[in-house]
Amino acid sequence: MAEEKKKEELKEESKEEEKKEELQKKTEREDTEKAKEKPLKTEEPKKAEEKVEDKSEKKEEEAKEEVVEEELDLKDQVISIRRVTKVVKGGKNLSFSVLAAVGNGNGIVGIGKGKAREVPMAIGKAVEDAKKKMIKVPLAETTVPHLIRGVAGGGVVILRPASKGTGVIAGGAVRVIMELAGIKDILTKSVRSNNPVSVANATMDALRRLKDPDTISKIRGKTKDRIWQ
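Residues numbered from 1 in each chain as written. Predicted model: local features only at pLDDT ≥ 70, side-chain atom pairs only at ≥ 80, totals over all residues. Heavy atoms only, no water.

Side note on the side chain of His 146
Applicable threshold: Runs of E in the DSSP output that reach at least two residues are strands. Runs of H or I that reach at least four are helices, and both are numbered from the N terminus. When accessible area is computed with a 1.4 Å probe and restricted to protein chains, residues below 20% of their type maximum are described as buried, those above 50% as exposed, and intermediate ones as partly exposed. Between N or O atoms, a polar contact is any pair within 3.5 Å; within protein, one atom must be a potential hydrogen donor and the other a potential acceptor, and residues adjacent in sequence are included only when both atoms are from side chains.
Tracing the backbone shows His 146 in the loop between β4 (135–136) and β5 (148–152). A relative accessible area of 12% means that His 146 is categorised as buried. Here the side chain of His 146 touches Lys 211 through a polar contact of 3.1 Å, landing on its backbone nitrogen.

Right under this line is the structure:
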């Protein structure tokens, strides 16, 4: 009888120890889960703060762009609209490719391209692209400072200074860019390709390589009359 009682007591003790071990394991699991959840909770507000900061930065950038556009008083004009097709397995996809120019009429001008299924959307894309590619053109009153030749692909454009009252002697893409850049008196000649995209790019290449007489006269130590000799 005594041996049986001892065995029962030992069994009960072992059961109690097992229960204690299970409780300890449960508490440890709960602690680990809580520890994992805590950093996630702290990270969530951080992510929210980052999103708010990104939105505020985007709003600031948009506001700056609007202010710049208002200050420049930009005007846009379409140079060419072409209907293009892409042949696919199911047939042909029609879309429109637009070349547009943007300028403020006072030495700032840019060109851009846009493509879409509808003409208004393509024009909007081209204007936005042109705003990203604007350049500052050095002017000599109402004309360009010196003779320059621009090349882009198959297009070659020659720009020659002209006296006051001459007007813009140009056509097509060259005329649009000259007017938006604020050049009122100039002689131009388009050589080789008549493609409006090539002609426009050649014109922009010529305007980009124009040099300001004041800066060159300072660098060379000569007067404006002698720097071109």
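Details of a negative patch on the surface
Note the cut-off: Like charges are joined within 9 Å and nonpolar side chains (Val, Leu, Ile, Met, Phe, Trp, Tyr) within 5 Å, but only among residues with over 30% relative accessible area and no salt bridge; these make up the patches. Using a 1.4 Å probe, the Shrake-Rupley method yields the accessible areas, and only the shown protein chains count as cover for residues. Just to be clear on terms, a salt bridge is a Lys or Arg side-chain nitrogen sitting within 4 Å of an Asp or Glu carboxyl oxygen. When charges are counted, Lys and Arg contribute as positive and Asp and Glu as negative, whereas His and the chain ends are disregarded. Taken as the charge location is NZ of Lys, CZ of Arg, CG of Asp or CD of Glu.
On the surface, a cluster of negative charge is made up of Glu 8, Glu 9, Glu 12, Glu 13, Glu 16, Glu 17, Glu 18, Glu 21 and Glu 22. Within the secondary structure, Glu 22 sits in helix α1 (residues 2–72). Overall, the relative accessible area of 51% leaves Glu 22 in the exposed class.

A short note on the sheet that holds strand β3 (residues 108–116)
Heads up, the condition is: Any two strands with at least two DSSP bridges between them are considered paired. Here, residues are in contact when the closest pair of their heavy atoms is within 4.5 Å. Lines fitted to C-alpha atoms define the axes here, with helix axes fitted over just the stretch in contact, and angles between the N-to-C directions of these axes take values from 0 to 180 degrees.
In spatial order, the strands read β1-β2-β3-β4; together these 4 strands make up an open sheet with antiparallel pairing. The open sheet has two edge strands, β1 (75–88) and β4, and neither has a second partner. Note that β1 and strand β2 (residues 91–103) share 13 bridges and pair antiparallel. Across the sheet, Asp 76 pairs through a bridge with Val 102, a residue of β2. Docked against the sheet, helix α4 (residues 196–208) engages β1, β2, β3 and β4, running at close to 155° with respect to β3.

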